[in-house]
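# Structural features, examined
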Amino acid sequence: MDVVAHYAWFGAGLLLMTALTVGLGWWAGTGLRLFPLWAILRAVVQLGVIAVLLRGILSVPWTVAGFVLLMLTTASLTAIGRIHELWHGRFAAVAGVLAGAAIALVVIFGLRLVDLQVRYLVAVGGIIIGNSMSAATLAGRNFLRTSRARKDEVEAWLSLGATPARAHQDIGRESVRESLIPTLDQTKSTGLVTLPGAFVGALFGGASPAVAAQFQLVVLAGIALTMTVTAIVVTRVAGSTPYVANPQG
């Protein structure tokens, strides 16, 4: 099979899977409509661009700083779009993503759990930043939903003279916990239910199973750390005001 035929077959298969996803979502009434198709098309374009960029980045190490900054900016903007309804939601999203990603990456490379090489920084950075973005979205949306449901409780605390932080304390804790449970469940089932991407990727890259497992464990611990920090920062910022929703969106 020549190169053109290979990519044509690959594209057709990808399109078929996406069509099945859209069709099932439509049938089930999820309301997502063509969003899965749009998401896949964006991923195709973005990954294509990244594949080209990475050739240059991996050959010119100093450019990795710009690439990591691009990932952080994109992650922050995405999280902002998801939790902008929160009062101070924009600041919470940026602060959460930056704090979570920065702390996790400093710990990982500072403890030399992974060698500080360009390829590892790009790989681990992408995973950590992506999960920090997810944590900001999950924690922020959980906080907003729970705050609205428990509005009377918050107002009661405030009427008794409690600070906004104290009035939202239990809600923040619940939001952090709920945002972390899916990831922690997946972590504890790793190797029995799932074979994570970092592990499989390391194997495909020629690493031994032991080295691949070691790399994956670092990634899993880093994800747990970045998501915890991000979720705490987002909920603390969101709970620092007596208001719940931003009237200006």
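The structure we're discussing is the one just above.
Residues numbered from 1 in each chain as written. Predicted model: local features only at pLDDT ≥ 70, side-chain atom pairs only at ≥ 80, totals over all residues. Heavy atoms only, no water.

## Here's the deal with the overall build of the protein
Cut-off, in case you're wondering: Counting from the N terminus, the helices are DSSP H or I runs at least four residues long and the strands are E runs at least two residues long. Relative accessibility thresholds used throughout: buried, under 20% of the residue-type maximum; exposed, over 50%; partly exposed, between the two (1.4 Å probe, protein chains only). Contacts are assigned to residue pairs with any non-hydrogen atoms lying within 4.5 Å of each other. Only the protein chains shown count as cover for residues, with accessible areas throughout obtained via the Shrake-Rupley method and a probe of 1.4 Å.
The helix and strand tally for the protein stands at ten helices and zero strands. Reading the protein from its N end, one meets helices and strands in the order α-α-α-α-α-α-α-α-α-α. Looking at the protein as a whole, 34% of its 249 residues are labelled buried. A separation threshold of at least 6 residues defines the contact pool for the protein, and within that pool the share at least 24 residues apart is 71%. Carbon together with sulfur atoms contributes 69% to the accessible area of the protein, which is approximately 14900 Å² in total.

## Focus on the packing of helix α3 (residues 64-83) against helix α5 (residues 118-149)
In plain terms, the rule: A fitted line through C-alpha atoms represents every axis, and for helices the fit uses only the stretch in contact; the resulting angles, taken between N-to-C directions, go from 0 to 180 degrees. Small angles under 35 degrees read as roughly parallel and large ones over 145 as roughly antiparallel, with 65 to 115 read as roughly perpendicular and the rest as oblique. Crossing handedness is defined as follows: a turn of the near helix away from the far one that is anticlockwise and smaller than a right angle gives a left-handed crossing, while the clockwise case is right-handed. Any residue that is not Ala, Val, Leu, Ile, Met, Phe, Trp, Tyr, Cys, Pro, Asp, Glu, Lys or Arg is counted as polar, Gly included; the first ten are nonpolar and the last four charged.
One can describe the packing of α3 onto α5 by two numbers: an axis separation of 9 Å at closest approach and a directional angle of 15°. Between α3 and α5, the crossing angle belongs to the class labelled roughly parallel. Handedness of the crossing formed by α3 with α5: right-handed. In this structure, α3 contributes Val64, Phe67, Val68, Met71, Leu72, Ala75, Thr78, Ala79, Arg82 and Ile83 to the contact, and α5 contributes Val118, Leu121, Val122, Gly125, Gly126, Ile129, Met133, Ala136, Thr137, Gly140 and Arg141. Its residues assigned to classes, the contact of α3 with α5 comprises 14 nonpolar, five polar and two charged.

## Points about the nonpolar core
Selection criterion: Grouping buried Ala, Val, Leu, Ile, Met, Phe, Trp, Tyr and Cys residues that are joined through side-chain atoms within 4.5 Å yields what is termed a nonpolar core.
If you look at the biggest cluster of nonpolar residues, it comprises 44 residues, and the most contacted ones within it are Ile108, Phe109, Val124, Ile128 and Ile129. Secondary-structure elements contributing two or more residues to this core are α3, α4 (89-110), α5, α8 (169-188) and α10 (209-238). Sorting elements by how many residues they give to this core places α5 first, with eleven residues. Residues within four places of Ile128 in sequence aside, it is in contact with Ala101, Ala104, Leu105, Ile108, Val219, Gly222, Ile223 and Thr226.

## What to know about unusual backbone geometry
The backbone of Arg33 sits at a positive phi, close to 50°, despite the residue not being glycine. Tracing the chain through its elements places Arg33 in the loop between α1 (3-28) and α2 (35-59). We classify Arg33 as exposed; its relative accessible area is 58%. With phi around 60°, Arg112 is a residue other than glycine that occupies positive phi space. Residue classification places Arg112 among the exposed residues on the basis of a relative accessible area of 64%.

## A look at the layout of surface pockets
For clarity, the cut-off: The way it works is a 1 Å grid over only the protein atoms, where trapped points that fit a 1.4 Å probe form a cavity and open points with protein on both sides within 12 Å along at least five of seven lines form a pocket, and then any residue with an atom within 4 Å of a point lines it. Grid points are joined across faces, edges and corners, and a volume is the space filled by probe spheres set on the points.
The volume enclosed by the largest pocket comes to roughly 1000 Å³. Along the wall of the largest pocket there are 24 residues; nearest its centre are Arg42, Gln46, Thr74, Thr78 and Met133. Of all the secondary-structure elements, those providing two or more residues to the lining of the largest pocket are α2, α3 and α5. Ranked by residue count, the leading element in the lining of the largest pocket is α2, at eleven residues. Across the lining of the largest pocket, the residue classes break down as 16 nonpolar, six polar and two charged.

## Comments concerning the packing of aromatic side chains
Our working rule: Whether two aromatic rings pair depends on their centres lying within 6.5 Å, for rings of Phe, Tyr and Trp, where Trp uses its six-membered ring; planes under 30 degrees apart make the pair stacked, over 60 edge-to-face, and the rest tilted.
The full count for this structure, using the stated rule, is one aromatic pair. Measuring from ring centre to ring centre gives 6.4 Å for Tyr120 and Phe215, while their planes differ by 45°; the resulting arrangement is tilted. In this pair, Tyr120 sits in helix α5 while Phe215 sits in helix α10, placing the two residues 95 residues apart along the sequence. For Tyr120, a relative accessible area of 26% corresponds to the partly exposed category.

## What about the side chain of His168?
Selection rule: What qualifies as a polar contact is a pair of N or O atoms within 3.5 Å, subject to a donor-acceptor requirement within protein and to the restriction that residues adjacent in sequence count only when both atoms come from side chains.
Relative to the elements of secondary structure, His168 occurs in the loop between α7 (164-167) and α8. Looking at His168, the relative accessible area reads 2%, which means it is buried. At 2.9 Å, the side chain of His168 and the backbone oxygen of Pro164 are in polar contact.

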